[in-house]
Amino acid sequence: MGRVTSPTAPVATTGYPWPIETTRLANGLRVVVSEDRTAPVVCVNLWYDVGSRHEPPGQTGFAHLFEHLMFEGSQHVKKTEHMKLVQGNGGSLNATTNPDRTNYFESMPSEHLELALWLEADRLGGLVPALTQETLDNQREVVKNERRQRYDNVPYGDAWLRLLPLLYPQGHPYHHATIGSMEDLNAASLDTFKAFHQQYYAPNNCVLTVAGDASPAEVFALAEKYFGAIDTVPDIPPAPSGHLAGPAGEPARETVTAAVPAPRIYLSHRTYPFGSAGYDAITVLATVLGSGRGSRLYQRLADGKRIAQPDYIGSYGVDLAHAPAPLIITATAKDGVDAGTLEAGLVEVVQSLIDEPVTEDELNRAKALLTTSWWRQVSTVGGRADTLGRYTTQFGDPATAGHRLPAWQAVTADDITEAAVNTLQPSSRVTLTYLPEKSGEES
Amino acid sequence: MTLITTRPAPGTARPYAFPAIHRVTAHGGTVIAAHLPGQVLATAVLLLDASGAREPEGREGTATVLAKSLEEGTKKRDSAAYALALEGLGAELSPSVDWDAFRVGVSAPAPRLAGAVRLAAEAARTPKLDPSDVARVRDDEVTALRMDWAQPGPRADAALRADLFAAEGRYSRPLHGDPTSVAAVTVDDVLAFHQEWMLRPGVLLVAGDLDGLDLAELAEAAFADTTGQALALDAPLRLSVPAKPRVILVDRPGSVQSTLRIGHRAPERATPDYVPMTLAATVLGGAFTSRLNHLIREVKGYTYGIRGSYAMTRRAGRFEVAAGVQTAVTGPAILDTLGEIRRTQAEGVTEAELEVARSWRAGQLSVEMQTPGAIAGALASLVVHGLPDDYYETLRREYLEATVEQVSAAAGRHLAVDGLTLVVEGDGEKIKADLAEFGDLTEATV
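Thresholds, definitions, all that
Residues numbered from 1 in each chain as written. Chains lettered and ligands numbered in written order. Predicted model: local features only at pLDDT ≥ 70, side-chain atom pairs only at ≥ 80, totals over all residues. Domains from an automatic or database assignment. Contact = placed C-beta atoms within 7 Å. Helix = DSSP H or I, 4+ residues; strand = E, 2+ residues; numbered from the N terminus. Nonpolar A, V, L, I, M, F, W, Y, C, P; charged D, E, K, R; others polar. UniProt positions renumbered as here; feature names shortened; annotations may be inferred. Core = buried A, V, L, I, M, F, W, Y, C linked by C-beta atoms within 7 Å. Buried ≥ 20, exposed ≤ 12 C-beta atoms within 10 Å, placed from the backbone. Pairing = 2+ DSSP bridges. Axes fitted to C-alpha atoms, helices over the stretch in contact; angles between N-to-C directions. Parallel < 35°, antiparallel > 145°, perpendicular 65-115°, else oblique.

## Topic: the domain arrangement of chain A
Residue and element names in this part refer to chain A.
(1) Moving on: Assigned domains of chain A: these are domain 1 (28-227) and domain 2 (252-436).
(2) Moving on: Just the C-alpha atoms count here: the centres of domain 1 and domain 2 sit 28 Å apart.
(3) Moving on: With 32 residues of domain 1 in contact, the opposing surface of domain 2 contributes 30 residues.
(4) Moving on: Of all elements in the fold, only strand E2 (30-35), strand E3 (41-48), strand E5 (102-109), helix H5 (159-167) and strand E6 (206-212) reach the threshold of two or more residues within the side of domain 1 that touches domain 2.
(5) Moving on: Per-class residue counts for the side of domain 1 that touches domain 2 are 18 nonpolar, seven polar and seven charged.

Structure below.
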């Protein structure tokens, strides 16, 4: 860890220089505290180890719809009061659901730490009595509007929804998208949600992280006070296994003709799970390939051949931890360039990662950009709390958060070639192509 | 299991303070720096008086084409070498154009910031601007705008702006131009814009741990070889709100949502009513528990979210409500939206609502101002609007002390439900009949 791989990249011995203290309550709740008194702000963050990968067939979108219900009141918090109390005391809040997990977080002026803990404990321990059919019906409509706004009413908006089933086989926990289908959302019943909460919203399925203007002793005592009496849920069923025997055996391809302004290609491959050494190599590889104007894609297709639009080119990994995570590579054709030319160009650049070793300059550039992006992620108490929650949930120890940056910095050109050889072969490639309905049409 | 039934009282608040501000001047320019102890990352923003408002008529988008041309090589190095030098420091250039300024920003770990600022200044002051590169960037920008305008929103925004600012020249046109105006931008327009507006020293905003930054070195990097004096300020535009509502359809066949942009003109940023207006808009459409979001999302389920706000720049302002609503409920959603605007204008706000708005706005000054980027943005507001160094402390106090009477009076003065322009981008065939109810309906040509 932390060995010098180039003469110019400053090497961090840790990506997490703030203190971390942990405890575990008798009911299984893990509590992580990272004190920083710089600003009078504190973030309370909860990672529940439940996401759309836990959803059985016919219940797609339920984990996410459930996340919405968590804002609609609980035993001692009236409908709409949760938002009012957080914002009305100066805080920012949100929650997100992805295939792996569901997280809830609020950053508050630090005198309201106890309020935030009380609110979170109440919806962990007392949501079910407050759940009503009216609330479910309303939030179902809100989520359907979220789907329309984010996916259905936007050119290329459904790419992710189309890539997942091409990448992961039927029955795999990542096969379906977190937003779910309109059909399943319409069929959602109140009892299913009550059962969902009782099954997965358990102190022993949760990590509570507090970062910022609070001491560990204070937080541990408050955690005990508010969360300590919530019952453990025994035998929480695990999600279906995400195991896959290596990369896909044959390529998959889908072509969509839709109301889009220009041809666009997505290439995607399953790689390695987030947190593995292989995925660290993929993270650096994705930056070499598609991040910034110095990347291979930009230099060769936006500059160079000038077949791709400079604003719409890139590659990134989706940080999923419970199965080989996808790498997504995308480019959009310039005026007068057809999809075939663009695809051939993209394929050639991806192949270059296998055939053409990454240079020292390329490696330094990628590591420098990743270093900045890491420090940006942990520049707020909210970013820090979420990072610690992730590493505790997924790897059992918040201190492992400090390992990621040094691990990226230790990736070598050979590591990248090896990762490319193992995961980016044409034989395992997913190709999604969007074609405009009428060529040359303007909006 | 026993949950704690009573809501805990707050602890003792620590006093609020904006980070300490330091200044260094050199070559006619000023570095304004905020000290953020312990931050690894630092941000610098070169703030130049070269806004979109300075573009010639019919060539809207000139500044944006220039912004995107800055990285096509400098007098010292070609574009590939420039990208490698800057990104090798972990920095990327973020040039941006708004109604008041041209910004060129960079972020990097503090020890690398000076190098990044040197490169940012090299691009801003001495870009190569080879004619064939500029022409290509211009063509790419036309394509990029077409991509952007294929999404719901930009056409509706343009239609609203065209109507609100119809008599105001540059302000009637989109900030970044439209595909037609950008296509008309010539290489000479871009070169002239650079020559005319980008060579004055301007201001360098810095946010980071100043113990590791040499401000004199940053000033030298930003201001060496600059010329000219700061420009005089232009007067605000004359404010007018029409006597009756107008309804404009932006047709988007097959759209599953209708995009609403409903607004009218408002005072510019310097208005003495800034604080009560902001709080009134927070009650109406700013917070999650606002009147609009509560009714249209949480009660009716028509939308994923609806927001109402004032946007105020140096010379102009506007009030706007923005939302995407399901096509089938376009009419009812507009009716409810107008109802809440009318109620807020006529009856003002309640103490309970205002208490949420006050505390939220005040708290956000610390909660949302943690990063070097956010602090640099806050410094930019001080410069652009001529505000004192202790402004954020004053603002916080003014938020907390605002009364129901003040905020209700501001709502009465600065909301005008009968003077709204209602722009709706959606499936015309399905929503036209609904829209005609709200006023004279015209179809936008954007």
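## Comments concerning the UniProt feature "domain: Peptidase M16 C-terminal" (unreviewed entry) in chain A
(1) Moving on: Mapped onto this numbering, the UniProt entry annotates "domain: Peptidase M16 C-terminal" (unreviewed entry) at residues 189-370 of chain A.
(2) Moving on: Secondary structure content for residues 189-370 of chain A is 40% helix and 18% strand, and the end C-alpha separation is 44 Å.

## Quick notes on the nonpolar core
(1) Moving on: Core analysis: the biggest nonpolar cluster contains 266 residues, and A:Leu285, B:Val117, B:Ala120, B:Leu205 and B:Leu218 have the highest contact counts within it.
(2) Moving on: Counting residues per element, this core draws most heavily on helix H3 (residues 113-125) of chain B, at nine residues.
(3) Moving on: Beyond its immediate chain neighbours, meaning those up to four positions away, B:Leu218 contacts B:Val31, B:Ala44, B:Ala114, B:Val117, B:Leu204, B:Val206 and B:Leu213.

## Here we look at the interface of chain A and chain B
(1) Moving on: The interface of chain A with chain B comprises 73 residues on the first partner and 69 residues on the second.
(2) Moving on: Listing elements by their share of the side of chain A that touches chain B, those giving two or more residues are helix H2 (81-87), E5, helix H3 (113-125), helix H4 (133-152), helix H8 (216-227) and helix H12 (360-377) of chain A.
(3) Moving on: Ranked by residues supplied to the side of chain A that touches chain B, first place goes to H12(A) with nine residues.
(4) Moving on: Its residues assigned to classes, the side of chain A that touches chain B comprises 25 nonpolar, 29 polar and 19 charged.

## Quick notes on the sheet that holds strand E1 (residues 21-26) of chain B
Residues and elements named next belong to chain B.
(1) Moving on: Taken together, six strands build an open sheet; the order of strands is E1-E2-E6-E3-E5-E4 and the sheet is mixed. Edge positions in the sheet fall to E1 and strand E4 (94-97), since each has one partner strand and no second. On average, adjacent strands in this sheet sit at an angle of 20 degrees to one another, irrespective of strand direction.
(2) Moving on: The strands touched by helix H1 (residues 62-69) within the sheet are E4 and strand E5 (102-109), with E4 carrying the most contacts at an inclination of about 175 degrees.

## A closer look at the environment of A:Arg253
Residue and element names in this part refer to chain A.
(1) Moving on: By the element assignment, Arg 253 lies in strand E7 (residues 252-258).
(2) Moving on: By the C-beta count within 10 Å, which is 10 here, Arg 253 ends up exposed.
(3) Moving on: Separated by 176 residues in sequence, Arg 253 and Arg 429 place their C-alpha atoms 8.2 Å apart.

## A closer look at the packing of helix H9 (residues 277-290) of chain A against helix H15 (residues 413-423) of chain A
Residues and elements named next belong to chain A.
(1) Moving on: Taken N-terminus to C-terminus, the directions of H9 and H15 make an angle of 95 degrees; their axes are 9 Å apart at the nearest point. Judged by the inter-axis angle, H9 sits roughly perpendicular to H15. Every residue of H15 that contacts H9 at Gly 278, Ala 281, Ile 282, Val 284, Leu 285 and Val 288 is listed here: Asp 415, Ile 416, Ala 419 and Ala 420.
(2) Moving on: In terms of residue class, the contact of H9 with H15 is built from eight nonpolar, one polar and one charged.

## Points about the sheet that holds strand E11 (residues 430-436) of chain A
Residues and elements named next belong to chain A.
(1) Moving on: A sheet is described by the order of its strands in space; here five strands give the open sequence E7-E11-E8-E10-E9, paired in mixed fashion. For this open sheet the edge positions go to E7 and strand E9 (314-317), each flanked by a neighbour on one side alone. Within this sheet the neighbouring strands show an average axis-to-axis angle of 15 degrees, counted without direction.
(2) Moving on: Bridge count for strand E8 (residues 264-270) against E11 is five bridges, and the pairing is antiparallel. By the bridge assignment for E11, Arg 264 is matched with Tyr 434.
(3) Moving on: Across the sheet, H9 touches E9 and strand E10 (326-332), and the angle it forms with E9 is around 170 degrees.
(4) Moving on: Here helix H11 (residues 339-355) sits on the sheet in contact with E8, E10 and E11, set at roughly 35 degrees to E8.

## Brief notes about helix H5 (residues 154-164) of chain B
Residues and elements named next belong to chain B.
(1) Moving on: Counting buried positions along H5 gives 11 out of 11 residues, so the element sits mostly inside the fold.
(2) Moving on: Among all positions in H5, only Pro 154, Arg 155, Ala 156, Asp 157, Ala 158, Ala 159, Leu 160, Arg 161, Ala 162, Asp 163 and Leu 164 are buried.
(3) Moving on: On its buried face, H5 is in contact with helix H4 (131-149), strand E7 (246-251), strand E8 (257-266), strand E10 (317-326) and strand E11 (421-426).

## A look at the domain arrangement of chain B
Residue and element names in this part refer to chain B.
(1) Moving on: As far as domains go, chain B holds domain 1 (21-223) and domain 2 (246-443).
(2) Moving on: The centre of domain 1, based on its C-alpha atoms, is set 28 Å off from the matching centre of domain 2.
(3) Moving on: If you look at the interface, domain 1 gives 28 residues, while domain 2 gives 28 residues.
(4) Moving on: At the level of secondary structure, the elements contributing two or more residues to the side of domain 1 that touches domain 2 comprise strand E2 (29-35), strand E3 (41-48), H5 and strand E6 (203-208).
(5) Moving on: Residue contributions to the side of domain 1 that touches domain 2 peak at seven residues, all from H5.
(6) Moving on: A per-class count over the side of domain 1 that touches domain 2 returns 19 nonpolar, five polar and four charged.

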